[in-house]
Amino acid sequence: MERRTRVRFAPSPTGPLHMGGVRTALYNYLFAKQRGGDFIIRIEDTDSQRFVPGAEQYIIDSLRWCGIIPDEGVDENGRIVETPSEKHPHAPYRQSQRKDIYRKYAEQLVENGYAYYAFDTAEELAAMRAEAEARKETFIYNHETRGRLKNSLTLPKEEWERRVKEETGWTIRFKMPLDRIVKMDDLIRGHIEVNTGILDDKVLWKSHDGLPTYHLANIVDDHLMEITEVIRGEEWLPSLPLHYLLYEAFGWTDSMPRFAHLSLLLKPDGKGKLSKRDGDRLGFPVFPLQWVNQEGEITRGYREEGYLPEAFVNMLAMLGWNPGDDRELFTMDELVKAFSLERVIKSGARFNPEKAKWYNREYLRKMPDAEIAAQFREILDSHGIDRNRFDDTYVLGVIRLTKERATFIKDFWDIAHYLFIAPSSFNEADAKKFWKPENVALMKQAADFINGFEPFTEEDLEPALSDYIHSNEWPMGKVMNTLRLALIGSSSGLGIAAVATTIGKEETAARVAFACKTLS
Ligand code: GLU
């Protein structure tokens with residue numbers, strides 16, 4: 001029988017979610033939705049030393065902003081589910097609250113000879129590491145060394161049994177078999193074989209905090225939560241042999257999930273993993289939302305930079321996946337239909353900040369003007385622009401006029417502020433270049449022409465103004481630039497006809513008069 005598709009995104013709350021993590025969540029989500037399956041969130045917080053307060057909620061909020069809504073693990077209010085219900089049968093979805101589940105599985109492995117208790121203290125291990133280093137070697141807890149270390153394989157039974165009961169410094173380690181070839185399949189990378197001789201005896205359980213390590217909790221939970229595919233970052237590929245062997249040791253190979261390891265997101269120059277430092281250096285965000293660390297330091301996210309979530313998601317989807325043709329624009333629903341792991345690339349995907357902006361421009365163009373207007377209105381408010389003077393029709397007109405030039409909604413102010421407030425000063429270089437005392441009469445004449453012109457629309461005024469300048473045998477470029485300087489305060493910006501017909505005849509005349517007075 002075909003199993004219902006169930007995939008999970010299993011972040012550790014060790015800090016803000018990097019855009020690469022969002023992409024992993026997205027690919028899981030697309031995969032699940034395409035197959036009518038479930039997308040589950042599980043918080044892997046068994047490493048208490050790396051726990052960062054606020055990170056869990058940040059991760060969930062980020063996914064929500066992107067429209068990546070889990071079927072299981074997170075409730076309607078965006079909180080991790082802690083008690084089981086019909087919709088969330090595997091709760092709690094936070095591993096630290098599943099503590100009681102894991103120990104028996106760790107012990108089962110010891111009983112069956114797949115794992116052992118280890119009593120070496122952190123200091124002893126550190127000393128052995130240092131010694132090995134002095135000999136230019138590396139100390140590894142493995143088949144070679146375990147026989148001379150303090151563990152249940154070397155100590156008398158009564159002793160290790162007593163110590164397990166009485167002490168709290170021990171761990172349970174996986175007994176990596178010697179010289180076995182683990183044969184693995186990855187949905188993206190194909191067949192992989194690894195000899196166990198190079199692998200170490202990973203810690204599975206720690207008695208000091210009564211918690212499993214990532215490896216044990218991850219395998220046990222994927223099994224209990226009936227996960228069918230594990231789609232995660234390639235940093236976990238080296239752990240795959242251990243995970244295969246754990247499934248085998250538990251006798252769960254028949255229901256073992258299939259694995260897919262995603263390649264890294266690379267820096268814009270393609271050299272190495274994309275990091276927060278690259279973002280700071282090159283001026284682009286690497287986090288979806290703003291993050292405030294414990295020192296109060298703020299890092300802006302895509303949302304704060306003005307990216308639309310649809311654009312961000314589309315851009316991320318294309319970083320490492322392609323539909324097989326040239327198409328670049330996909331809504332979430334279209335991605336769900338088109339996505340396939342077969343078309344996910346094996347090599348790293350280079351991040352291009354310019355492309356991210358391109359996506360935003362495309363989505364801004366598709367956004368209904370009324371929606372842009374609502375958000376632009378808030379920016380106008382923050383600049384003290386009077387709502388009574390500039391009604392919705394006016395704002396919509398401005399948006400239609402400037403939409404092609406904007407990448408973000410915040411750009412509308414930079415592009416079009418002069419359609420709301422008259423210039424109180426003039427660009428010095430432009431004024432020096434274009435404003436000549438003999439122009440004053442000419443400007444007044446042009447203003448009179450504009451003032452008397454009907455029908456007062458951009459389409460009509462634009463050619464008429466050109467004809468008028470021509471017929472007077474005035475130098476076209478000079479006059480246009482001087483007029484623009486008078487109307488908007490600099491010689492670059494929207495066309496004269498567009499500005500004049502937007503701000504109106506009276507305002508046009510007033511601005512020309514002000515310029516003539518100020519600049520002469
Ligand atoms: N907790 C792991 C992480 O944060 C999950 C890895 C996995 O998906 O198995 O990367």
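The name given to the chain in an unreviewed UniProt entry is Glutamate--tRNA ligase, with the source organism recorded as Candidatus Merdivivens pullicola. Under the UniProt heading Subcellular location (unreviewed entry), the note attached to the chain is "Cytoplasm".

A. Representation of the UniProt feature "binding site: ATP" (unreviewed entry) in the chain. Mapped onto this structure's residue numbering, the UniProt feature "binding site: ATP" (unreviewed entry) falls at Lys-276. Note that Lys-276 resides in helix H8 (residues 276-282). Lys-276 sits in the partly exposed class, given a relative accessible area of 27%.

B. Fine view of the UniProt feature "domain: Aminoacyl-tRNA synthetase class I anticodon-binding" (unreviewed entry) in the chain. Those residues carrying the UniProt feature "domain: Aminoacyl-tRNA synthetase class I anticodon-binding" (unreviewed entry) are residues 373-514 in this numbering. Structurally, residues 373-514 is divided into 65% helix and 0% strand, and its ends, taken at the C-alpha atoms, are 30 Å apart.

C. Here's a closer look at the sheet that holds strand S8 (residues 211-212). Overall, antiparallel pairing links the four strands, which are arranged S3-S4-S7-S8 in an open sheet. With one partner strand each, in any of the chains shown, strand S3 (115-118) and S8 form the two edges of the open sheet. Taken together, the four bridges between S3 and strand S4 (residues 171-174) define a ladder with antiparallel strand orientation. Opposite Tyr-117, over in S4, you have Ile-172 as the bridge partner. Together, strand S7 (203-206) and S8 form the strand contacts of helix H6 (residues 214-224), whose direction differs from that of S7 by roughly 95 degrees.

D. Inspection of the site of the ligand at higher detail. Taken together, Arg-8, Ala-10, Pro-11, Ser-12, Glu-44, Tyr-214, Asn-218, Arg-232 and Trp-236 make up the full set of residues adjacent to the ligand. Separating an oxygen atom of the ligand from a side-chain N or O atom of Asn-218 is a distance of 3.0 Å. Surface burial for the ligand is 84%, taken as the share of its 300 Å² of free accessible area covered by protein chains. When grouped by side-chain class, the residues that make up the shell around the ligand number four nonpolar, two polar and three charged.

E. Representation of the pairing of strand S5 (residues 181-186) in the model. Side chains Val-182, Met-184 and Asp-186 of S5 all project onto a buried face; the interleaved residues Ile-181, Lys-183 and Asp-185 project onto a face where none is buried. Note that S5 and strand S6 (residues 190-195) share six bridges and pair antiparallel. From the neighbouring strand, Lys-183 faces S6, where its bridge partner is Glu-193. Count of turn residues in the S5/S6 antiparallel hairpin: three residues.

Reading the values: the criteria
Counting restarts for each chain, with residues numbered from 1 along the sequence as it is written. In view of the model being predicted, local features appear only for residues whose pLDDT reaches at least 70, and side-chain atom pairs are presented and counted only at 80 or more, with totals across whole chains, interfaces and linings using the full set of residues. Processing note: side-chain calculations cover all non-hydrogen atoms of the structure and skip hydrogens and water entirely. UniProt positions are given in the numbering used here, feature names are shortened, and annotations may be inferred rather than shown by experiment. Comment: elements are numbered from the N terminus, with helices defined as DSSP H or I runs of at least four residues and strands as E runs of at least two. Buried residues are those whose accessible area, probed at 1.4 Å on protein chains only, stays under 20% of the maximum for their type, while exposed residues exceed 50% and partly exposed ones sit between those limits. One bridge is not enough; two strands pair if DSSP finds at least two bridges between them. Throughout, a residue-residue contact means that at least one pair of heavy atoms, one from each residue, lies within 4.5 Å. Only the contacting stretch of a helix is used when fitting its axis, a line to C-alpha atoms as for every element, and angles between N-to-C directions run 0 to 180 degrees. The rule for a residue being near a molecule or strand is that one of its heavy atoms must lie within 4 Å of it. Throughout this description, a polar contact denotes any pair of N or O atoms lying within 3.5 Å of each other; where both atoms belong to protein, one of them has to be capable of donating a hydrogen while the other can accept it, and for residues adjacent in sequence the pair is counted only when both atoms sit in side chains. Accessible areas in this description were obtained via Shrake-Rupley with a 1.4 Å probe; residue shielding takes into account the shown protein chains only. Three classes are used: nonpolar for Ala, Val, Leu, Ile, Met, Phe, Trp, Tyr, Cys and Pro, charged for Asp, Glu, Lys and Arg, and polar for all others, with Gly counted as polar.

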